[in-house]
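Take a look at the letters that make up each chain.
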Amino acid sequence: MPAAQHVLEILLMLSRQRGPVSAQLVSDQLHIPRSTVYHLLNTAIAQGFVIHYPEEKKYGLGPSAVELSHSYVRYEPVSRLASPLLAKLVDETRANGHLSTLYGRNVVYLLNERAEGRPVLVNHVGVRLLAHATASGRAMLAQLPEDQVAAMYSLKSAFTTGEHGQSEGEHKLDDESLEFPVRNIDLLRITTLQKLQEELGEIRQRGYASEHSEVTEGFSSVSVAICDRNAWPVAAMTLTYIPAKTTPEQHDKLVTALRRYANILEKRLM
């Protein structure tokens, strides 16, 4: 029982951090002997609940922990709170809307609202796309600490593969989700960590993320991250529109409406 309690305490502690932490910090904050901390961390690593960053000698939450969080977020409370707001946003703007969350280097779509008369896009519920290639992914990545983003995208291959290393050029269908490729891997605008960090810096200054024809040719998206009380991005609310039929004034109105509804959702989560 004490071991199980300590593991849960460690996972909770890691979930509250803004980035990976050292075993010594875990030991100091939780008052657990460092030898025990290493043993429990190794056990959690084996099950995918913790990731070890050897170069930094630090530890962070792993994909299994993220999957548990994702399962919760998918239904409660973010999706339930967002659903009526997203419907109102789409009705007001006449643009397609969706809600997504981060899953490693992917975004996973949780909700999708299609405006009347608008075409069906690839962002069905459960679909995964490369986070850095989408407006919603960039919006959430911009809210993460820079060292967290650097750890996620330390390898060049990270810019062409998703959470489990599959090329996003490969279709995958299983019981839980769909994976679709972005329009063309060779046409991705962001292909290096430097370019990604520059883009995220601009997003922080601008207050929203955008992409143009990088997921679906002829369509653009604007997105705003939804953060919890710890300033951690739990989701992103996004509008997708046809730029050829959208004036600069209409674009500004889309962004204004999006930010207003995203702010309402964020306040409801506090």
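Residues numbered from 1 in each chain as written. Predicted model: local features only at pLDDT ≥ 70, side-chain atom pairs only at ≥ 80, totals over all residues. Heavy atoms only, no water.

Named according to an unreviewed UniProt entry, the chain is IclR family transcriptional regulator originating from Auritidibacter ignavus.

Turning next to the overall build of the chain. Helix and strand counts for the chain stand at nine helices and ten strands. Taken across its 270 residues, the chain has 47% of its residues classed as buried. Of the contacts formed within the chain by residues at least 6 apart in sequence, a portion of 58% connects residues at least 24 apart. (Helix = DSSP H or I, 4+ residues; strand = E, 2+ residues; numbered from the N terminus. Buried < 20%, exposed > 50% of the residue type's maximum accessible area, 1.4 Å probe, protein only. Contact = heavy atoms within 4.5 Å.)

To continue, consider the nonpolar core. Within the largest apolar cluster, 26 residues are counted, with the highest numbers of intra-cluster contacts made by Leu 89, Leu 99, Ile 226, Met 237 and Leu 265. Of all elements in the fold, only α5 (78–93), β4 (106–113), β9 (220–227), β10 (233–241) and α9 (248–269) reach the threshold of two or more residues within this core. Ranked by residues supplied to this core, first place goes to α9 with eight residues. Counting 24 residues, the second largest nonpolar core, distinct from the first, contains Ala 131, Val 149, Ala 158 and Ala 236. (Core = buried A, V, L, I, M, F, W, Y, C linked by side-chain atoms within 4.5 Å.)

All right, on to the confidence of the model for the chain then. Of the residues in the chain, 83% have a pLDDT of 70 or more, and the chain-wide mean is 83. Taken element by element, the chain is modelled with least confidence in strand β6 (residues 172–173), mean pLDDT 34, and with most confidence in helix α6 (residues 135–141), mean pLDDT 96. Predicted confidence is poor over residues 164–181, with pLDDT under 50, and the contacts of this stretch with residues over four places away or in other chains come to 40 contacts. (pLDDT = per-residue confidence, 0-100.)

The next subject is the pattern of salt bridges. Under the criterion given, the structure shown has five salt bridges. The closest approach of N and O atoms between Glu 199 and Arg 189, which form a salt bridge, is 3.2 Å. Linking Glu 199 in helix α8 (residues 193–206) with Arg 189 in the loop between β7 (178–179) and α8, this pair joins segments that are ten residues apart in sequence. In the salt-bridge network here, residues are joined through shared partners; they are Arg 138, Arg 189, Glu 199 and Glu 214. (Salt bridge = Lys/Arg side-chain N within 4 Å of Asp/Glu carboxyl O.)

Further remarks concern a negative patch on the surface. On the surface, a cluster of negative charge is made up of Glu 55, Glu 56, Glu 146 and Asp 147. You can see Glu 146 is positioned in helix α7 (residues 146–152). (Patch = residues over 30% accessible without salt bridge, like charges linked within 9 Å, V, L, I, M, F, W, Y side chains within 5 Å. Areas by Shrake-Rupley, 256 points an atom, 1.4 Å probe, with all protein chains shown as cover. Lys, Arg positive; Asp, Glu negative; His and termini not counted. Charge placed at Lys NZ, Arg CZ, Asp CG, Glu CD.)

The end-to-end C-alpha distance of α8 is 20 Å, a good match for the 20 Å that 14 residues give at a rise of 1.5 Å each. Regarding α8, the residues found buried are Leu 196, Glu 199, Leu 200 and Ile 203. For α8, the buried positions fall inside an angular range of 100° around the axis, keeping them on one side. The outward face of α8, more than 90 degrees from its buried face, is lined by the exposed residues Gln 194 and Gln 205. (Expected span 1.5 Å × (residues − 1). Arc of directions from axis to C-beta.)

To continue, consider the environment of Gln 24. Position of Gln 24 among the secondary structure elements: in helix α2 (residues 23–30). Spatially, the C-alpha atom of Gln 24 lies 9.3 Å from that of Tyr 38, the residues being 14 residues apart in sequence.

At a closest axis distance of 11 Å, the pairing of helix α1 (residues 2–15) and α2 adopts a crossing angle of 110°. Put simply, α1 runs roughly perpendicular to α2. The handedness of the crossing between α1 and α2 comes out as right-handed. From α1, Glu 9, Ile 10 and Met 13 reach across to α2, where they touch Leu 25, Val 26, Gln 29 and Leu 30. Taken together, the residues of the contact of α1 with α2 break down into five nonpolar, one polar and one charged. (Axes fitted to C-alpha atoms, helices over the stretch in contact; angles between N-to-C directions. Parallel < 35°, antiparallel > 145°, perpendicular 65-115°, else oblique. Left-handed = near helix turned anticlockwise from the far one by under 90°. Nonpolar A, V, L, I, M, F, W, Y, C, P; charged D, E, K, R; others polar.)

With 13 residues, helix α3 (residues 34–46) ought to run about 18 Å at 1.5 Å a step, and its terminal C-alpha atoms sit 18 Å apart, in line with that. Three or more residues of α3 are buried, namely Val 37, Leu 40, Leu 41 and Ala 44. Across the axial projection of α3, the buried residues extend over an arc of 105°, all falling on one side. For α3, exposure combined with an orientation more than 90 degrees from the buried face picks out Ser 35, His 39 and Ala 46. With its phi angle positive at about 85°, Gly 48 sits one or two positions after the end of α3.

This part is about unusual backbone geometry. Of note, the phi angle at Lys 57 is positive, near 55°, even though the residue is not glycine. Among the secondary structure elements, Lys 57 is positioned in the loop between β1 (50–53) and β2 (58–61). According to the relative accessible area criterion, Lys 57 is exposed, its value standing at 65%. Although it is not a glycine, Arg 94 adopts a positive phi angle of roughly 60°. Mapped onto the elements, Arg 94 comes out in the loop between α5 and β3 (96–103).

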